[in-house]
Amino acid sequence: MEGPEGFSWAVKIGGVLAAVTAMYAFVRRRNRYKKIAPKDTVILYQIGRGPYAPSVSPFALKLETYLRMADIPYENDHSFKYSSKGKTPWIEYNGVKAEDSQFCIEYLNDKLGINLNRHLSVEDQAVARALQKMTEENLYWTNCLWLWVYEGREQMKRLSLLLGMSFLMRTLMIYMIGRSTSKNAWGHGMGRHSRDEVVGIMEGDMKALSQYLGTKSFMMGDQPCEVDCAIFGMLAQIVWHMEGSPHQRLVKEELPNLLEYCLRMKDRFWPDWDRCIMVPGKSKDD
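Residues numbered from 1 in each chain as written. Predicted model: local features only at pLDDT ≥ 70, side-chain atom pairs only at ≥ 80, totals over all residues. Heavy atoms only, no water.

As a further point, take the confidence of the model for the protein. Of all residues in the protein, 81% have pLDDT values of 70 or greater, and the mean over the chain is 86. Residue range residues 1-31 is modelled with pLDDT below 50. Its contacts to residues more than four positions away, or to other chains, number 20 contacts. (pLDDT = per-residue confidence, 0-100. Contact = heavy atoms within 4.5 Å.)

Given below as structure tokens:
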């Protein structure tokens, strides 16, 4: 009995080591490459395109949508480079690096004199910030738990197949990110709740966004502003990358104005959407 069992464990450990080695070699090879952009052009570092939306990261989609909304010239670098904070996305502008999606936006606003919120009152700006923080600091964690801890892990396997990952890299990625998500969600506090409680929190956040949006074209009125980049980035994951989730069912069955909002943002700022996804012609608009 000991022989076969020991052999089985050796095979498993060998597989994990091979996957770690392959992933390390892949990332190291990518990181040796340095993208050179023209002067006054932002280099946007992110992890690559998503299957049905331009990114599987709500923060990368937020930042790229902002660059389009602000009409800032940019080039993508999909080489999986992480910032010095160990985060992605991040940017480089004329040799200066900015890290964290929100800090990137604030840096460019200050550097280039951009203000996408100039039409908002002080009170509206406060409301917009509260909506963004609810979305990025609360709703986000309900997305993560479904995608990496609950049933969504099966869907992430399918998505990683579309991204062309090998079996070993796919298995290792899902295990490592799932474990990290559980740990980080526990530290945040969301992971300490039961699954039903997490779904209840998600429903409260989503209904709040829907109720505030109402019949408006964009979150704060008829004109898009900075907060739309963040909310669209998060909702787009639900609409296009979270098939079968309670999040997506809620949008499609009870909160259609959020779906219409996502399609409106997509049409306005992503006319090249199909060229920016891994599965062209299958953006699941319906």
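Turning next to the pairing of strand β3 (residues 90-93). Residue alternation in β3 divides its side chains into two sets, Trp 90 and Glu 92 and Ile 91 and Tyr 93, and both sets are buried. Pairing analysis gives four bridges linking strand β1 (residues 42-45) to β3, with the strands arranged antiparallel. Across the sheet, residue Val 42 finds its bridge partner in β3, namely Tyr 93. Counting the residues between successive antiparallel strands, the hairpin from β3 to strand β4 (residues 96-99) contains two residues, one of them, Asn 94, with a positive phi of roughly 50°. (Buried < 20%, exposed > 50% of the residue type's maximum accessible area, 1.4 Å probe, protein only. Helix = DSSP H or I, 4+ residues; strand = E, 2+ residues; numbered from the N terminus. Pairing = 2+ DSSP bridges.)

It is worth spelling out the sheet that holds strand β2 (residues 74-77) at this point. Each strand in a sheet pairs with another by means of backbone hydrogen bonds, the pair being arranged parallel or else antiparallel. Here we have four strands laid out as an open sheet, ordered β2-β1-β3-β4, and mixed in their pairing. The open sheet terminates on both sides in strands that have one partner only, identified here as β2 and β4. Averaged over all pairs of adjacent strands, the angle between their axes in this sheet comes to 25°, without regard to strand direction. Two strands pair when backbone bridges link them, and β1 and β2 are joined in this way by four bridges, in the parallel orientation. (Axes fitted to C-alpha atoms, helices over the stretch in contact; angles between N-to-C directions.)

What follows deals with helix α7 (residues 195-213). The terminal C-alpha atoms of α7 lie 27 Å apart, and with 19 residues this matches the ideal 27 Å at 1.5 Å per residue to within 8%. For α7, the full list of buried residues reads Val 198, Met 202, Asp 205, Met 206, Leu 209, Ser 210 and Leu 213. Each buried residue of α7 sits inside an arc of 135° when the element is viewed along its axis, so together they form one side. Of the exposed residues in α7, those oriented more than 90 degrees away from the buried face are Asp 196 and Gln 211. Immediately downstream of α7, the backbone of Gly 214 shows phi near 55°, a positive value. (Expected span 1.5 Å × (residues − 1). Arc of directions from axis to C-beta.)

Glancing now at the side chain of Thr 135. Within the secondary structure, Thr 135 is located in helix α4 (residues 122-148). Engagement of the side chain of Thr 135 in a polar contact is seen with the backbone oxygen of Leu 131, the distance being 2.9 Å. Each residue touching Thr 135, except ones within four places of it in the same chain, is listed here: Tyr 140, Leu 209, Ile 231 and Met 234. (Polar contact = N/O pair within 3.5 Å; in protein donor to acceptor, adjacent residues only side chain to side chain.)

On to the pattern of salt bridges. Enumeration over the complete set of coordinates arrives at six salt bridges. Residue Lys 266 is joined to Asp 267 by a salt bridge in which the shortest nitrogen-to-oxygen separation is 4.0 Å. According to the relative accessible area criterion, Lys 266 is buried, its value standing at 8%. (Salt bridge = Lys/Arg side-chain N within 4 Å of Asp/Glu carboxyl O.)

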